[in-house]
Number of protein chains: 2
Amino acid sequence: MATIRDVSKIAGVSVATVSRTLSKPDKVSEKTRQIVHDAIKQTNYKPDILARNFRTRKSSTVVVLVPDIANPFFSRVIRGIEQTAQRLGYAVLLGDTQGERDREITYANMVHTSQADGIIQLDCHIPFEDKNDRTSPIVNACDCVRGTDMPTVQLDNVAAAKEMANHLISLGHTNIGIISGPENSTITNDRLRGFKAALEDGGLSYNSANRMYGDYSIPSGAMAASDLLSLPDAPTAIFCMNDEMAIGAIRQAKKMELNVPSDISISGFDDISFSEFSDPPLTTVSQPAEEFGSNAMQMLYDLMNDEEPANKNIFLPFELVIRESTGEKK
Amino acid sequence: MATIRDVSKIAGVSVATVSRTLSKPDKVSEKTRQIVHDAIKQTNYKPDILARNFRTRKSSTVVVLVPDIANPFFSRVIRGIEQTAQRLGYAVLLGDTQGERDREITYANMVHTSQADGIIQLDCHIPFEDKNDRTSPIVNACDCVRGTDMPTVQLDNVAAAKEMANHLISLGHTNIGIISGPENSTITNDRLRGFKAALEDGGLSYNSANRMYGDYSIPSGAMAASDLLSLPDAPTAIFCMNDEMAIGAIRQAKKMELNVPSDISISGFDDISFSEFSDPPLTTVSQPAEEFGSNAMQMLYDLMNDEEPANKNIFLPFELVIRESTGEKK
DNA sequence: AATTAAAATGTAATTGATTACATTTTTGGG
DNA sequence: CCCAAAAATGTAATCAATTACATTTTAATT
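Report on the accompanying structure. Because the structure is a prediction, the values reported are computed rather than measured.

1. Some thoughts on the protein's contact with DNA strand D
Close contacts around DNA strand D come from 28 residues, with A:I4, A:S19, A:R55, B:T32 and B:R55 the closest. Sugar and phosphate atoms constitute 56% of the interface atoms of DNA strand D, taking the interface as everything within 4 Å of the protein. Within the contact set of DNA strand D, a phosphate oxygen lies 2.6 Å away from a side-chain nitrogen or oxygen of A:S19. At 2.3 Å from a base oxygen of DNA strand D is found a side-chain nitrogen or oxygen belonging to A:R55. Those elements giving two or more residues to the surface near DNA strand D turn out to be α1 (4-11), α2 (15-23) and α4 (49-56) of chain A together with α2 (15-23) and α4 (49-56) of chain B. Of the residues in the surface near DNA strand D, the class split is 10 nonpolar, eight polar and 10 charged.

2. Description of the sheet that holds strand β7 (residues 211-213) of chain A
Residues and elements named next belong to chain A. Sheet architecture is open: four strands sit in the order β7-β6-β8-β9, paired in parallel fashion. A strand with exactly one partner marks an edge of an open sheet, and here the two such strands are β7 and β9 (265-267). Each strand axis lies, on average, 20° off the axis of its neighbour in the sheet, ignoring direction. Packing against the sheet, helix α7 (residues 157-170) makes contact with β6 (176-180), β8 (237-240) and β9, and its axis sits at approximately 170° to β8. Sheet contacts for helix α9 (residues 218-229): β6, β7 and β8; angle to β6, the most-contacted strand, approximately 155°.

3. Here we look at the protein's contact with DNA strand C
Neighbouring residues of DNA strand C: 29 residues in total, closest A:S14, A:T32, B:I4, B:R52 and B:R55. Expressed as a percentage, the sugar and phosphate content of the atoms of DNA strand C within 4 Å of the protein is 54%. Here a phosphate oxygen of DNA strand C and a side-chain polar atom of A:T17 are 2.7 Å apart. In this structure, a base nitrogen belonging to DNA strand C sits 2.9 Å away from a side-chain N or O atom of B:R5. Every element with two or more residues in the surface near DNA strand C is listed here: α2 and α4 of chain A together with α1 (4-11), α2 and α4 of chain B.

4. Re the relation of the copies chain B and chain A
It takes a turn of 180° to lay chain B on chain A, together with a shift of 0.0 Å along the axis; the resulting RMSD is 0.1 Å. What the superposition gives is, in effect, a two-fold axis relating one chain to the other. Judged by C-alpha distance, B:L93 is the residue of chain B that lies nearest the rotation axis, at 2.3 Å.

5. Observations concerning the nonpolar core
Of all hydrophobic cores here, the largest spans 132 residues; its most connected members are A:L122, A:I266, B:L122 and B:I266. In this view, A:I266 contacts A:I238, A:C240, A:A246, A:A249, A:I250, A:A253, A:V260, A:L282, A:T283, A:S325 and A:T326; residues no more than four positions away in its chain are not counted. By size, the runner-up hydrophobic cluster in this structure holds 32 residues, among which are A:V63, A:L65, A:A108 and B:V63.

6. What about the interface of chain B and chain A?
Facing 47 residues of chain B, the contacting portion of chain A comprises 47 residues. Summed over both partners, the interface of chain B with chain A buries about 4100 Å², with 65% contributed by carbon and sulfur atoms. Counting the surface chain B buries against chain A, the share from its top three residues, B:L50, B:F274 and B:F277, is 17%. If you look at where chain B meets chain A, you find eight salt bridges. The salt bridge involving B:R79 is made with A:D68; its shortest N-O contact spans 3.0 Å. Viewed at the interface, chain A and chain B are joined by 14 residue pairs in polar contact (both at pLDDT 80 or more). Residue assignment for the side of chain B that touches chain A shows that the elements contributing at least two residues are α4, α5 (72-88), β2 (91-96), α6 (101-112), α9 (218-229) and α10 (243-255) of chain B. Counting residues per element, the side of chain B that touches chain A draws most heavily on α5(B), at eight residues. Partitioned by chemical class, the residues of the side of chain B that touches chain A number 21 nonpolar, 12 polar and 14 charged.

Thresholds applied
Residues numbered from 1 in each chain as written. Chains lettered and ligands numbered in written order. Predicted model: local features only at pLDDT ≥ 70, side-chain atom pairs only at ≥ 80, totals over all residues. Heavy atoms only, no water. Near = heavy atom within 4 Å. Polar contact = N/O pair within 3.5 Å; in protein donor to acceptor, adjacent residues only side chain to side chain. Helix = DSSP H or I, 4+ residues; strand = E, 2+ residues; numbered from the N terminus. Nonpolar A, V, L, I, M, F, W, Y, C, P; charged D, E, K, R; others polar. Pairing = 2+ DSSP bridges. Axes fitted to C-alpha atoms, helices over the stretch in contact; angles between N-to-C directions. Contact = heavy atoms within 4.5 Å. Least-squares fit on C-alpha atoms with pLDDT ≥ 70 in both. Core = buried A, V, L, I, M, F, W, Y, C linked by side-chain atoms within 4.5 Å. Buried < 20%, exposed > 50% of the residue type's maximum accessible area, 1.4 Å probe, protein only. Buried area = accessible area lost by both parts, 1.4 Å probe. Salt bridge = Lys/Arg side-chain N within 4 Å of Asp/Glu carboxyl O.

All we've got here are geometric facts, nothing functional implied.
The following block contains the structure:
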């Protein structure tokens, strides 16, 4: 493998000039640039990335902390990250954390050892042992920590949930169940707040007995729906905090011989690709998943290059997608 | 940040000894090992990974070439890869190639520049400009190239497709449509072969007019189903080469006022998590997705460490999962 | 042509770990 | 206690780029 020295010898210039030709071409005269490029072609020289990384203390790599790569929403976010990263000349290291703090910290430490230049965190955890670590470039996307100055890319989950709940209320539902995500998630809390706000606006009161917990999986949605629908005073609509749980809930309702939506309305959140094709097609909130990724990556890029990002807290637009899983209360 | 030199000074030994204490502890006396470890603790020394990578020409990183990370089957495979990689001390670089040759080559070149030590390719392409490149450790998983000596982890797609087709035939179907994947894929060819073999065994003849093409997406499945069901002599069963297309096909059948399975049987392939919850639940072939990943990673590990893997062509088991989307011919 | 500033180029140190080879220490058998 | 072999340790080169600083060349101005 040719080194920069081989190139410099062939071109009859110093290694510094070769290096500059590659990294700061405007510092090199037109003539020399030409000579160097010829020599590079002739030797088939490829810069040694490992040597460069070592010397510059940069790796042109970012680490993505994702609770679960197999979640279709997250995998779209990651696709957005990957595409933007590639465009900006960065590689993406995958850190599937399964929500475990140890793994998050392990991966986040790669920044301290310069194996990665920055972090995109898709979960609402701070991946540092020292909570106030302000040295690593990091962007929090999707499910964001509150009360820190970490840059974020998020949805206005309160507003989105409120809009969805309003939709349910406008259909005449007064007894609405919730299938909630885990309690310690910012997303869960925000969506719950939005939900409550809509109830209040509608003159309805919130009944905590109507809240069941799931873990964002289909079976957990089915279980929670079973509990909800077995209540003495069962709800006529169920607000689910993601699409998978809604799909599980629909399944469960059908199993219990209930018609969706005429007996029970069910709404989801995220608009994953299967939702359009569920039976009945799911009413949900669509989010621009890829854009979470591309925005987060772009923002991280600014951070890593010491440019203050224009906006440290990006809010992406959502859209209520009304399909056929919700309908008028009987 | 403390360097190995700081540690050696504190411990009163040479840098070589410190290095050996870490990488080949049995070459160092018990006493020295203790002293060095104390010094490491005292200085909070962490080896500089970049320097080590540079010196050893290794990065402890593997690159995964995946046609589409947002495909639920692939994302499970990647989860398997990630978990095993983490256990073996490797990081996973994500290469979402969108099936584009350029991107595959770009990512695969990271091995030549030592940015990665090996490649896991989930698509049936050879990611090298020189087709006979035998220098990079690489494992081909899921959709595997034929006629090379590349190690593979795959399903016996011929047998699996045959079994599924037999199931359809045993239900009395004689006119069976196919919604096929892209023509240039090994998986597609193998599944088609299995399908034809079953027809032949059943004394049925293959009719190429019954084959429609999709791209593994839900909408493409719906389109293909529409074509198939509009045929003058429409099939009574449809064999789909993945679950997404089957879900699209079911949707389309319903749209055309056909009952699944009493009017039309539809089968899938992969057993993604949504298939169990589709309406009707999908008859499909289940594959151990995570194990594709973990086996591929383990095999790659052997290859990267110059150990001949026990078995260069691993076949993983499949299982016919008969649910409710297939039924007796009327 | 002389002077000076700016541009281009070169020299050589630097980064931090690994490891071939050299040297020292330990071990065990006689 | 001596000696050879084995074990432990040390010395210093090495990996390939970047870059601070020094030097040379070019351009511009008088």
